[in-house]
Amino acid sequence: MDIDGVLNSSFWNKNHQEEIREGILIDKEKIAILATLIRKTGARIILHSGGRNWFHDKLKPIRIESEYLVDFLKEEGLSIDDVTPDLTTEEIRISKKFSLVKADEILLWLKQHDDVTAWVVFDDLDLHNLEVEQHQVKTNSQIGLTYFDIEKAEEILLN
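Computed from a prediction, not measured in an experiment: that's the story for all the values here.

**Section: the overall build of the protein chain**
Move 1: For the protein chain, the helix and strand inventory stands at eight helices and four strands.
Move 2: Along the protein chain, from the amino end to the carboxyl end, the secondary structure elements read α-α-α-β-α-β-α-α-β-α-β-α.
Move 3: Once the C-alpha set of the protein chain is aligned to its principal axes, its extents read approximately 40 × 40 × 30 Å.
Move 4: Split into buried and exposed, the 159 residues of the protein chain put 43% on the buried side.
Move 5: Counted over contacts in the protein chain with a minimum sequence separation of 6, partners at least 24 positions apart contribute 60%.
Move 6: Split by element, the accessible area of the protein chain, about 9,000 Å² in all, is 49% carbon and sulfur.
Move 7: Charged side chains of the protein chain number 19 positive and 31 negative; the gap between the two group centres comes to 2 Å.

**Things to note about the nonpolar core**
Move 1: Formed by 30 residues in total, the largest nonpolar core has its most connected members in Leu7, Leu34, Leu69 and Phe122.
Move 2: Residue assignment for this core shows that the elements contributing at least two residues are helix H3 (28–41), strand E1 (45–47), helix H4 (64–75) and helix H8 (147–158).
Move 3: Element by element, the count of residues in this core is highest for H3, at six residues.
Move 4: When near neighbours in sequence (up to four residues on either side) are disregarded, Leu69 contacts Ile3, Leu7, Ile26, Ile31, Leu47, Phe55 and Ile80.
Move 5: In terms of nonpolar packing, the next biggest core, distinct from the first, is built from nine residues, Trp109, Leu110, Val121 and Val132 among them.

**Let's talk about the packing of H3 against H8**
Move 1: The interhelical angle for the contact between H3 and H8, taken along N-to-C directions, is 25°, at an axis separation of 9 Å. Here H3 lies roughly parallel to H8, going by the angle between them. As H3 runs across H8, the sense of the crossing is right-handed. From H3, Ile33, Leu34, Thr36, Leu37, Lys40 and Thr41 reach across to H8, where they touch Tyr147, Ile150, Ala153, Glu154, Leu157 and Leu158.
Move 2: Its residues assigned to classes, the contact of H3 with H8 shows eight nonpolar, two polar and two charged.

**Some thoughts on H3**
Move 1: For H3, spanning 14 residues, the distance from its first C-alpha to its last is 20 Å, which sits close to the expected 20 Å at 1.5 Å a residue.
Move 2: Within the sequence span of H3, burial applies to Lys30, Ile31, Ile33, Leu34, Ala35, Leu37 and Ile38.
Move 3: If you follow the buried residues of H3, they end up packed against E1, H4, strand E3 (121–123) and H8.
Move 4: Its side-chain oxygen at 3.0 Å from the backbone nitrogen of Glu29, Asp27 defines the N-terminal cap of H3.
Move 5: Gly42 occupies a position one or two residues after H3 and carries a positive phi of about 75°.

**Considering the side chain of Arg52**
Move 1: Within the secondary structure layout, Arg52 lies in the loop between E1 and H4.
Move 2: Here Glu105 takes part through its side chain, which lies 2.9 Å from a polar atom of the side chain of Arg52.
Move 3: Not counting residues up to four positions away in its chain, the partners in contact with Arg52 are Leu47, Val83, Thr84, Pro85, Asp86, Leu87, Thr88 and Glu105.

**Quick notes on the packing of aromatic side chains**
Move 1: One pass over the full model with this rule turns up one aromatic pair.
Move 2: With a centroid separation of 5.9 Å and an interplanar angle of 35°, the aromatic rings of Tyr68 and Phe72 are classed as tilted. You can see Tyr68 and its partner Phe72 sitting in helix H4, four residues apart, about one turn around the helix.
Move 3: Overall, Tyr68 belongs to the partly exposed group, its relative accessible area being 23%.

**Topic: the environment of Gly144**
Move 1: The topology assignment puts Gly144 in the loop between strand E4 (136–138) and H8.
Move 2: Taking the relative accessible area as the measure of exposure, Gly144 reaches 0% and is therefore buried.
Move 3: Between the C-alpha atoms of Gly144 and Ser10, which are 134 residues apart in sequence, the distance is 8.0 Å.
Move 4: If we skip the residues at most four places from it in the chain, Gly144 touches Gly5, Val6, Asn8, Ser9, Lys30, Thr139 and Asp149.

Rules used throughout
Residues numbered from 1 in each chain as written. Predicted model: local features only at pLDDT ≥ 70, side-chain atom pairs only at ≥ 80, totals over all residues. Heavy atoms only, no water. Helix = DSSP H or I, 4+ residues; strand = E, 2+ residues; numbered from the N terminus. Buried < 20%, exposed > 50% of the residue type's maximum accessible area, 1.4 Å probe, protein only. Contact = heavy atoms within 4.5 Å. Areas by Shrake-Rupley, 256 points an atom, 1.4 Å probe, with all protein chains shown as cover. Lys, Arg positive; Asp, Glu negative; His and termini not counted. Charge placed at Lys NZ, Arg CZ, Asp CG, Glu CD. Core = buried A, V, L, I, M, F, W, Y, C linked by side-chain atoms within 4.5 Å. Axes fitted to C-alpha atoms, helices over the stretch in contact; angles between N-to-C directions. Parallel < 35°, antiparallel > 145°, perpendicular 65-115°, else oblique. Left-handed = near helix turned anticlockwise from the far one by under 90°. Nonpolar A, V, L, I, M, F, W, Y, C, P; charged D, E, K, R; others polar. Expected span 1.5 Å × (residues − 1). Polar contact = N/O pair within 3.5 Å; in protein donor to acceptor, adjacent residues only side chain to side chain. Phe/Tyr/Trp six-rings, centres within 6.5 Å; stacked < 30°, edge-to-face > 60°.

Read these as spatial facts, not as claims about activity.
Following this line, the structure appears as structure tokens:
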């Protein structure tokens with residue numbers, strides 16, 4: 001799961017500048033929507049977002065943004081189970097073209113966890129990989145995660 005464009009949106013960001021200044025980058029409504037999928041399918045949350053760098057190697061928050069994320073997830077009975085490896089280079093970080101490596105990060109994580117039988121990816125970006133795209137629910141960055149996205153994710157996970 002990515003964060004920007006999934007657990008927040010351009011619309012939410014525009015109307016919550018004070019919260020953003022305080023380190024709140026998450027729309028709690030999107031967490032509640034995600035919780036419906038987790039409860040129904042038993043899926044686990046694996047971050048492939050740049051936000052994964054907000055955590056210590058034991059998934060302990062090291063920034064205020066990650067503390068809010070963990071707290072908001074906890075309110076819904078959810079937690080982050082793991083993060084994907086970081087394959088970004090200095091060039092990618094400077095250009096902010098993270099979508100160029102996200103699919104490789106996801107596939108590497110899956111290779112390291114060969115017990116995974118079904119998976120879905122939430123991201124608002126094109127991930128440039130056919131295998132990953134077949135498992136992707138591409139959210140609209142203007143509105144973030146929706147119940148319609150959850151329905152599509154259920155189809156991917158349960159079929």
